[in-house]
Amino acid sequence: MKEILYVQAGPLANFVGTHFWNAQESYFTYGEDEDPDVFHDRSFREGVTSKGDPTFCPRLIVFDRKSHFGALADELYGNTSDADVAQWEKGVVEYRQDPIPKSDYQTHLDQEETGEREDRNEAESGAETAKIRYWSDYSRVYYHPRTAQKVPDIPEWERAEGEWSKSKELFQEYEHEHETMENEVRLFVEECDGLQGVQLTGDCGTFGGFTDAFLTAFRDEYSKVPSLAFSLLSNASNIPVSVDEEQNAMKAINDALSLRGLEALSTISVPIQNPSTWRQEPLLDGLDLDLRSPYQTSALLATHIESVTLPLRLKRSQHDISSLSSLLDASGTLGVSHLSGMYPVAAHVAWSRETEKRIFDLSAVAEAPADQRTVPITEYARLQVSRGFAPSEHAKYDEYFSGKSPAPFSIHAPPYPTPTSFPHFFAPSPSGMPNSGEEKHRVLSSLSTSSATAPLFAAHATLVQQCVDRRADVVGRMGLEFDEMRELKDDLWALCDRYAGPDGEWKTEEDVLSEDEE
C-alpha cells in the first residue's frame, strides 16, 4: 500500500503541517463517479469514531509545546484530554484553567457541519491572518488521539531556541515517560501493509536536538525504513554570525548540528531557510505576503512541500521515498536536496531564462562569501512537479527543460487545492495571476541535488571553526565540549567538499588567514 508515517515537531513545522493536511483533505471526493487523484490511504488511516461512523485521520504524530496546541479538538473519538481523576476516600479538589476558545474559523466549520450556518461565503468563513493564534485555529482535519504529543512548556526565563543538549534531553525524558516509540509509533507502523517510509518536518531552532534524538531512536527500531526530512532552519542560518553574538551563535551551531545529524539519519534531507531571511524578489512576485506571519509563510512552504511530495501519493505515479532518493542521489552520497519553486504561476507562461529566474531556492544561503565563490553551481539531479498546467502547455515546457543538463525528471500534476483555510495573500496583479477566491492554483516545485549545498555547510563550518579557534564561551553555554565542536567542524568541511564536487574548491578559515599573512 506504500503508506507514509508523518511526524511534525515544533511550532513552525506544525503551521506548515496544518496547511499540508488541509490540502490533503481537499483531495477527498464524495460523488459516486468521482475518482480521486491520490491514494488517500497512503497518508490517512481508516478508523471508526466513538459513534461508530467510519472516518479517515492523518497517520501523523505531532510534537509541540503544550501551550501551542490551542483549542485542538478531538471530538471525533470523544474527549480524551482529561485524565481520569484518582479516586480516594477523602476526595479530590480540582483546579482547571479556562479552556481556550475556538477560533472564528473553527466555529464557522462547526456551524457548517451542523447545518447552523448556510452561508458559505469565502470572505466570511475563510481564515483571517489577524485572527490566527495557533496552528490548530485553521485546521480542517480531525486527528487520532495518538497524534497529539504535548511536550511540557518551558519556564519563561529559559531560552526556546538554540538549546541542542536540552532539546535532546527533552526527547529522552518524554520518551521515558510516554514510550512514544513503543506505543504511538509502533501502533501506526503495524497498521500499515507496506510502509514506504517516514516524512518528517521539524523546527531546528526549537526542536533540533529533539528531532535528532527521535530519528536516532526510530533508526534503532526501523533501520531499513527510508525517511524524508524537511528541516526548518533558524533565523540565524542565513545571515553573517559572529561568535560574540551569543544568541545567534547558539542558533547557528544548533542548525549545524541538525544539518549534520539529518544528513546522516535521513534518506533525503531538505534544509529550508527561515522565512525571515527570504529575499522579497523573485520569491514573492505576485504575493502580498507578511514574512512575520507564520500562518502566511507556512502556507507558501506547505504549497511547495505538498507539491514535491505529491508523486509519493499520486495514483499515476510509481514513485516512493526510496525511488525518489535514487533519482536525486544516484551515487548514494548526496542525501541533501534543495527545495525550490515558483508560486503563483501565471496562466500564460513563456519559458525562458528570465522566467526560470523566478524559481526560488528556499534552501540555499543568500550568497556565498566572496573568497569561496570559485566555481558556478553544478546541478546533479532534479525532480520537478508542475501543477495545473494545461496539456497544450506541456510540449513547450518539456522542450525548454529537456535542453538542461542534466534534464529534470518532470511530472505534470493536477492544480494545487486551496481551501478556505488558505491565506488571502495575493497582490493585485496583471491578468493571468490567481485571485484569492480561486480554489485551485498553478505551481512549479522541485527537489534538486547540486553544489549549491556546499556554501550552506561552509558557512556553518566557518562559524564552528571560529568557536574552536577562539574557545568561545558559547560552546560551554550550550553544554558542548570542544572535542565535539572539532568533530563537528571536520564533518561539516567534509560535507562541503563532497557537495562541491571534483571541480569545487572551498577555502577554510585557516586557508584565508594564511593568505592574509602572505
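Residues numbered from 1 in each chain as written. Predicted model: local features only at pLDDT ≥ 70, side-chain atom pairs only at ≥ 80, totals over all residues. Heavy atoms only, no water.

A. Spotlight on the overall build of the chain. If you tally the helices and strands in the chain, you get 15 helices and 15 strands. Counting contacts in the chain only where the partners sit at least 6 residues apart, residues at least 24 apart contribute 80% of the total. As displayed, the chain has an accessible area near 24,000 Å², and 47% of this comes from carbon and sulfur atoms. (Helix = DSSP H or I, 4+ residues; strand = E, 2+ residues; numbered from the N terminus. Contact = heavy atoms within 4.5 Å. Areas by Shrake-Rupley, 256 points an atom, 1.4 Å probe, with all protein chains shown as cover.)

B. Examining helix H4 (residues 164-178) more closely. The terminal C-alpha atoms of H4 lie 21 Å apart, and with 15 residues this matches the ideal 21 Å at 1.5 Å per residue to within 8%. Among the structural elements, strand E4 (60-65), strand E5 (148-151), helix H5 (181-190), helix H6 (204-221) and helix H7 (246-265) are those in contact with the buried residues of H4. Just past H4, the residue Glu179 takes up positive phi, approximately 50°. (Expected span 1.5 Å × (residues − 1).)

C. The arrangement of the sheet that holds strand E12 (residues 409-413) in detail. With mixed pairing, the five strands of this open sheet are ordered in space as E10-E9-E15-E11-E12. The open sheet has two free edges, formed respectively by strand E10 (360-361) and E12, since each of these has just one partner strand. Where strand E9 (residues 338-342) lies against strand E15 (residues 443-450), five bridges are found, and the strand directions are antiparallel. Within E15, the residue paired with Ser340 across the bridge is Ser446. The strands touched by helix H8 (residues 294-308) are E9, strand E11 (379-387) and E15; relative to E15, the strand with the most contacts, the crossing angle is about 70°. (Pairing = 2+ DSSP bridges. Axes fitted to C-alpha atoms, helices over the stretch in contact; angles between N-to-C directions.)

D. View of the sheet that holds strand E1 (residues 3-9). Spatially, E5-E4-E1-E6-E7-E8 is the arrangement adopted by the six strands of the open sheet, whose pairing is parallel. At either end of the open sheet lies a strand with only one pairing partner, and these are E5 and strand E8 (268-272). Adjacent strand axes in the sheet meet at a mean angle of 10° when their direction is disregarded. Helix-sheet contacts for H4 involve E4 and E5, and the interaxial angle to E5 is about 120°.

E. Spatial organisation of the environment of Glu393. Take Glu393: it is sitting in helix H11 (residues 391-401). The spacing of Glu393 and Val349 is 44 residues in sequence and 8.6 Å in space, taken between C-alpha atoms. In this structure Glu393 touches Ala347, Val349 and Arg442, once residues within four positions along its chain are discounted. In terms of polar contacts, Glu393 uses its side chain to reach the side chain of Arg442, at 2.9 Å. (Polar contact = N/O pair within 3.5 Å; in protein donor to acceptor, adjacent residues only side chain to side chain.)

F. Highlighting the side chain of Thr277. By the element assignment, Thr277 lies in the loop between E8 and H8. Reaching out from Thr277, the side chain makes a polar contact with the backbone oxygen of Asn274 at a distance of 2.8 Å. The residues touching Thr277, leaving out its near neighbours within four places in the chain, are Asn235, Asn238 and Ile239.

G. Here's a closer look at the pattern of salt bridges. Going through the model one piece at a time under the given rule, you end up with 26 salt bridges. Taking the shortest distance from any N to any O, the salt bridge between Asp137 and Arg133 comes out at 3.1 Å. For Arg133, a relative accessible area of 37% puts it in the partly exposed group. The partner of Lys489 in a salt bridge is Asp490, and the shortest N-O contact between them spans 3.7 Å. Because the salt bridges share partners, they merge into one network encompassing Arg159, Glu163, Glu246 and Arg477. (Salt bridge = Lys/Arg side-chain N within 4 Å of Asp/Glu carboxyl O. Buried < 20%, exposed > 50% of the residue type's maximum accessible area, 1.4 Å probe, protein only.)

H. Geometry of the environment of Gln318. Mapped onto the secondary structure, Gln318 falls in the loop between H8 and helix H9 (321-328). The exposed category is assigned to Gln318, whose relative accessible area is 64%. Look past the residues within four positions of Gln318 in its chain and what remains in contact with it is Lys2 and Ser323.

I. Structural view of the pairing of E8. With respect to burial, E8 is a largely interior element, five of its five residues being buried. Side-chain alternation along E8 places Ile268, Val270 and Ile272 on one buried face and Ser269 and Pro271 on a second face that is also buried. Running through H7, the crossover from strand E7 (residues 227-232) to the neighbouring parallel element E8 is right-handed. (Right-handed = clockwise from strand over helix to strand, strands pointing away.)

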